[in-house]
Amino acid sequence: MQTPARHTLWMMVAMAASAASVVHAQATYVPTTVAADAGSVTSIAHWQIQDSAKAQQAGAEISLAGYSTKEWYPVSGRATVMAGLLENHTFKNDVFYSDNMRAVQVPDSSGNLFVTPWWYRTQFTLSKDLGQKHTMLHTNGIIASADLWVNGHQVVDHAELAGAYPVHDFDVTRWVHAGANVLAMRVHPADPRTSLSIGWVDWNPTPPDNNMGPWRGVDIALTGPVALSYPHVQSTLSPDLSHATLAVKVTAKNLDTAAHDATISGTVAGVPIQQTVHLAPGQTQDVSFSSSTTPGMALDHPKIWWPVGMGDHPLYQLEMSAAVDGATSDRATASFGMRSVSSNLTKQGYRQFFINGKPLLIRGGGWAPDMFLRDDPARMEAEFNYVLNLGLNTIRSEGKLENQRFYELADQHGILILAGWECCDKWESAAKTGGSPWTAADMKVAEDSMASEARLLRNHPSVIGFLIGSDNAPPPPIAKMYVDTLRAADWSLPIISAAVPQGTADAGPSGLKMAGPYDWIPPSYWYADKLGGAFGFDSEVSAGADIPRLEDVQRMLSPQEQEALWKYSEQRQYHASADWSTFAVLTPFDNALAKRYGAPTSLADYVAKAQLDNYDNVRAQFEAFNAHMDAANPSTGVIYWMLNNAWPSLHWHLYGYYMNPAGAYFGAKKANELVHIQYSYDSKAIVLVNQTLDDVHGLQANIRLRNLDGSMRFEKHLQDIDLAGNHTRQLATLPAIANLSPTYFIELELAAADGKPVSRNVYWLSTRADVLDWAKSNWYLTPLTQYGDLTALQSLPAATSEIHASTTRDGKDEVTTITLSVPASSKAVALFQHVSIRRGAHGDLALPIRWNDNDVTLWPGESIVLTARYASQETVVPVVEVSGWNVPAQSVPAAITQGAVH
């Protein structure tokens, strides 16, 4: 029965919650038609859902064909309950705006919408030509658990169908028939503190439904008497990469009550393979192929898979089928890449990864899916394009592990994936002092989760390891279970005990550190030999607040919150941290901004100063790790906390939820250029960095040091510079310069032998040092006793900038080219010019968008060519907008010309 409290809450939510933060079409319900061929897999594309407090019948009745779903909600196939309600526009206001989310989060159990189970129901149609085929239900993870019925018959209860990650197969052949069938699941409430599901800690507010639902979807497969599953290819490379030996394994299961001979055949990397096995009734057997039985599986001159920046990312295919009595019974496929992954510990005890025998500096960010786990293929593709555009080579997934598409995109783009279980909540409860121990049922869900993830990840060349713990290493019994399960799944990659400097008997020392910071520190911090400085492998680290651009701040915060953002640093911001008081205020960031750049005079001034600070700080973080990648105490990895956000946030991202690149994005992009010139805050050295494997010859470099008024205080030109692949080189050290202005600039330029620009980098610096109080450090920041003084930037006179822009169509994209110039007659440097593109004079921003550079600084007489790529809109002329620290805003149309971009 729906209680008065529940009815009241439905009314509250309808008035105060959300229509979603990204555009999703109104949900519709379409029954699923299952493909008829043996070996086919059909995903359920749509469900109808309802709260069990409203739909109070038993599963035996709800799963019958005649049951009425008149008031149920149509939702997509992977929708959590909250995502499904958003699809139906159940709520009027945007939960991502201000603190509207609070209206959905009612702690009183008599009123919370999500303390009772929710029904998921769908109809699926089977072909009349079923014959002797078996119908299999394939569940890909349920939050938190579910009871499942088919056509009035209960198949499994929630004690067996539990956990966000376990994959389960159920043979429902005896309960289905040709024509229409009904599948119903009663999904039980989730609580990440008590179930092995998904929690969010301090990333964003807790989703009101705790992400309950079949978040990875449910599939229906048809197979003959013998089913194939878990195809796996393992490649072993020779040290010189000229030879590869393949090993293939697939699991064959006889679903019948009679014995069968099954011929397993197919190709791997184009090499034919075949084997016949005898399977007793119900028998499961691993079928293996190796070079000893199939000599062609020893390959000469294989195409090697490399991470982005180090080479190409070719993929091979495995195609397999099982035949019984001459008829196809089932099929299995997998893509894979040939590469080797290993890791060892440096002399200082930090983990160093090697790909195909080559060491590399891991440069990455922490991944966040959508807060409601909504499945959006176009957005995921766009996010991978951002990772590439940022120059990163790695994504770390701390829990919130993704679906197959995520890893396929990583394979295709050469992005490394460092996967692992999440911190806190139930996943680490048994590891914490005073935490609750796991039950036997918990251990079973965790073991099934580990086995399922191992099978999902092991074929993907992008995956380089698995962290079995995050903020805590698991206790011995759990660590042993994880390691044993991984090894049973033929896991050949590094197994890492935790993201903290802890170890386990079965996985050894982690070789990772997690010493902070998570809140504001100055750029010079990263060059220190303490805590989160650039040495070893930093598993998650950043300077905290990353302020979006003004239009995004206004989109996510109420007028009162906007005022508080720039006026009242002690006031909690819901979009900084909804749950944790540590990060709910931006006081360390705000204090630094006011003391270094000057007290903000408006919201726009605050955001503008924040962009300079974010750019400068994020650039310094990555550059410090660059500079030390081949030092005596080398930096081996850095994961920026975080890459992205699950919702609009003032904290922890290289790009915000609205995908509008801001200062942090372009600072990271600048630092992660494959061949790069940079300044070292500790030694005043000018350093070249080559992240590729190729040596570079004949480079030219210009080093300029300028006062605030633009007057040249030091200049040096260097030629015929050689730079070894995968190495750094110190090019010069800046001398002590007398009579510098309190705020001054360093301009660095690197060009190829033919003069073509390679890297350009501009720093704004203070003669007054930032002084860190190391003795008062804590786990998330190090305070300062003195701040640098960049306030003189406020006195820069207005500068002049000229814009010339045009656009060319390239397939489904538009590419806009902008020449940005500062005339010689301009009175000042044009500091931190930001370029945006709108779809028409007053249209929306063109997002997502990929730039070759942005947030650029030019002196009188200088110019730069910028390019941007974004999705085309056929009838709209793009408009380029340019604004800067001391440059008046202006806009020009970027007329579309004919021709193609290559």
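In the block above lies the structure referred to throughout.
Keep in mind the model is a prediction, meaning the values are calculated, not measured.

**Student:** Before we move on, can you summarise helix α5 (residues 404-413) with the specific residues and values?
**Tutor:** Inspection of α5 places Phe 406, Tyr 407, Leu 409, Ala 410, Asp 411 and His 413 among the buried residues, and these make up the whole buried set. Elements that come into contact with the buried residues of α5 comprise α4 (377-390), β24 (394-398), β25 (416-420), α6 (440-457) and β26 (463-467). Positive phi appears at Gly 414, one or two residues downstream of α5, with a value of about 75 degrees.

**Student:** Could you give me a rundown of empty space enclosed by the protein, with the residues and numbers involved?
**Tutor:** One pass over the full model with this rule turns up 10 cavities of 30 Å³ or more. Taken as a whole, the largest cavity holds about 260 Å³ of empty space. No other element matches α4, which puts 4 residues into the lining of the largest cavity. Class assignment of the residues belonging to the lining of the largest cavity gives a composition of 9 nonpolar, 3 polar and 10 charged. Of the voids in this model, the second largest cavity is the one considered here, and its volume is about 100 Å³. For the lining of the second largest cavity, the leading source of residues is strand β38 (residues 757-766), giving 4 residues. Residues belonging to the lining of the second largest cavity are distributed by class as follows: 5 nonpolar, 3 polar and 4 charged.

**Student:** Give a description of the environment of Leu 699 that names residues and reports values.
**Tutor:** With respect to the helices, strands and loops of the structure, Leu 699 is situated in strand β34 (residues 696-707). Measuring from C-alpha to C-alpha, the distance between Leu 699 and Pro 757 comes to 9.9 Å, with 58 residues separating the pair along the chain. Leu 699 has contacts with Leu 718, Gln 719, Asp 720, Ile 721, Leu 723, Leu 750, Ala 751, Ala 752 and Val 758, leaving out every residue within four places of it along the chain.

**Student:** Quick rundown of the environment of Thr 139? Include the residues and the values.
**Tutor:** Residue position: Thr 139 is located in strand β6 (residues 134-139). With relative accessibility at 0%, the residue Thr 139 sits in the buried group. For the pair Thr 139 and Phe 589, spaced 450 residues apart in the sequence, the C-alpha separation amounts to 45 Å. Those residues in contact with Thr 139, other than ones at most four positions away along the chain, are Leu 148, Leu 161, Pro 166, Val 167, His 168, Phe 170, Gly 217 and Val 218.

**Student:** Lay out the environment of Phe 124 in plain terms, naming residues and giving numbers.
**Tutor:** Here Phe 124 lies in strand β5 (residues 118-126). Linking Phe 124 and Val 30, residues 94 residues apart in sequence, is a C-alpha distance of 9.4 Å. Those residues in contact with Phe 124 that lie beyond four places of it in its chain are Thr 32, Val 34, Val 176, Gly 179, Ala 180, Asn 181, Val 182, Leu 183 and Ile 220.

**Student:** Account for the packing of α4 against helix α12 (residues 663-671), naming residues and giving values.
**Tutor:** For any two helices packed against each other, one specifies the inter-axial angle together with the distance between the axes. Running from N to C, α4 and α12 point in directions that differ by 50 degrees, and their axes come no closer than 8 Å. As the angle between them shows, α4 and α12 are arranged oblique. When α4 is examined against α12, the residues Tyr 386, Asn 389 and Leu 390 are found in contact with a partner set consisting of Tyr 665, Ala 668 and Lys 669.

**Student:** Which residues make up the sheet that holds strand β14 (residues 260-268), and what values go with them?
**Tutor:** Ordered in space as β15-β14-β18-β19, the 4 strands form an open sheet in which the pairing is antiparallel. Each edge of the open sheet carries a strand with a single partner, namely β15 (271-279) and β19 (327-336). Within this sheet the neighbouring strands show an average axis-to-axis angle of 15 degrees, counted without direction. Here 9 bridges tie β14 to β15, and the two strands are oriented antiparallel to one another.

Definitions and cut-offs
Residues numbered from 1 in each chain as written. Predicted model: local features only at pLDDT ≥ 70, side-chain atom pairs only at ≥ 80, totals over all residues. Heavy atoms only, no water. Buried < 20%, exposed > 50% of the residue type's maximum accessible area, 1.4 Å probe, protein only. Helix = DSSP H or I, 4+ residues; strand = E, 2+ residues; numbered from the N terminus. Contact = heavy atoms within 4.5 Å. 1 Å grid on protein atoms, 1.4 Å probe; cavity = no way out; pocket = protein on both sides within 12 Å on 5 of 7 lines; lining within 4 Å. Points joined across faces, edges and corners; volume = space filled by probe spheres on them. Nonpolar A, V, L, I, M, F, W, Y, C, P; charged D, E, K, R; others polar. Axes fitted to C-alpha atoms, helices over the stretch in contact; angles between N-to-C directions. Parallel < 35°, antiparallel > 145°, perpendicular 65-115°, else oblique. Pairing = 2+ DSSP bridges.

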